[in-house]
Amino acid sequence: MPRQDFKHVDTWVFDLDNTLYPPHFRLFDQIEKRMVDYVMGKLGVSRDEADRLRKTYWALHGTTLAGLMAEYSIEPDPFLDHVHDIDFTVLEPDAALAGHIRDLPGRKIVYTNGSAPYAEQVLQARGLEGLFDAVYGIEHANYRPKPEAAAFDAVFAKDNLSPATAAMFEDDPRNLAVPHAIGMRTVHVAPEPHAADHIHHHTVDLTDFLSRLK
């Protein structure tokens, strides 16, 4: 039981995509398609090349957006508006998850590489609106993405977060390395575990995991 490992935690940081909703909703499939469409239109390349660039920039820069900004100096807000114009009705509310988040002691925040307005729409579709003390998007990190240390520094400074009493829940194992290094408790939320020293816990089901912290 992980309860003892979280007794010191008074700030709970949640990633959004594939963390506060399970991957089987495939919401990010819509976003990836719109990323490809945007890259095709912006750079004048084929769909295959746009998809290759999307994957390459995600791997090298942390996000497709970061790669496009670094390589082509694109403006971030039009990109974010375009890729997040999707159908949120594929998501379902999760009353049990909402209850467990509500019961967590202390401060609860969302920190995503997406935009904050997009995050708010996801939270509403999941029935999680009003549960978080703050919602931070990539715009709050000066458009620098997780896993960059500078991105975490910017957001956590805005929140006055104390890493020694905080926990991070995240589906991408890369994005738990900095939280671990600065002293946070880390939880990997994903269908398959990822063996790494910077991951303290793994769960396939966030709702079940939070239920075991009571």
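Residues numbered from 1 in each chain as written. Predicted model: local features only at pLDDT ≥ 70, side-chain atom pairs only at ≥ 80, totals over all residues. Heavy atoms only, no water.

### With respect to the sheet that holds strand β5 (residues 185-189)
Then, number 1: As summarised here, the arrangement of the 6 strands in space is β3-β2-β1-β4-β5-β6, forming an open sheet in which the pairing is parallel. At either end of the open sheet lies a strand with only one pairing partner, and these are β3 (134-136) and β6 (201-203). Geometrically, the sheet is characterised by an average inter-axis angle of 20 degrees between neighbouring strands, direction not taken into account. (Pairing = 2+ DSSP bridges. Helix = DSSP H or I, 4+ residues; strand = E, 2+ residues; numbered from the N terminus. Axes fitted to C-alpha atoms, helices over the stretch in contact; angles between N-to-C directions.)

### A few points about helix α3 (residues 64-72)
Then, number 1: Those residues of α3 lying buried are Thr64, Leu65, Ala66, Gly67 and Leu68.
Then, number 2: Where α3 is buried, its residues contact α1 (27-43), α2 (47-61) and α4 (76-83).
Then, number 3: Just downstream of α3, serine 73 is the residue with a positive phi angle, here 55 degrees. (Buried < 20%, exposed > 50% of the residue type's maximum accessible area, 1.4 Å probe, protein only. Contact = heavy atoms within 4.5 Å.)

### Focus on the environment of arginine 126
Then, number 1: Along the chain, arginine 126 falls in the loop between α6 (116-125) and β3.
Then, number 2: By relative accessible area, arginine 126 is classed as buried at 4%.
Then, number 3: Ignoring sequence-local partners within four residues, the contact set of arginine 126 consists of Leu20, Tyr21, Pro22, Phe25, Leu91, Glu92, Pro93, Asp94 and Leu97.

### Focus on the nonpolar core
Where a protein is soluble and globular, its nonpolar side chains tend to be buried together.
Then, number 1: By size, the foremost hydrophobic cluster in this structure holds 50 residues, and its most contacted members are Leu20 and Phe169.
Then, number 2: Apart from residues no more than four positions distant in its own chain, leucine 20 is found in contact with Phe14, Asp15, Leu97, Ile101, Val110, Leu123, Arg126, Leu128, Phe132 and Leu206.
Then, number 3: Core analysis: the next-biggest nonpolar cluster, separate from the first, contains 18 residues, Ile109, Ala151, Met168 and Ile199 among them. (Core = buried A, V, L, I, M, F, W, Y, C linked by side-chain atoms within 4.5 Å.)

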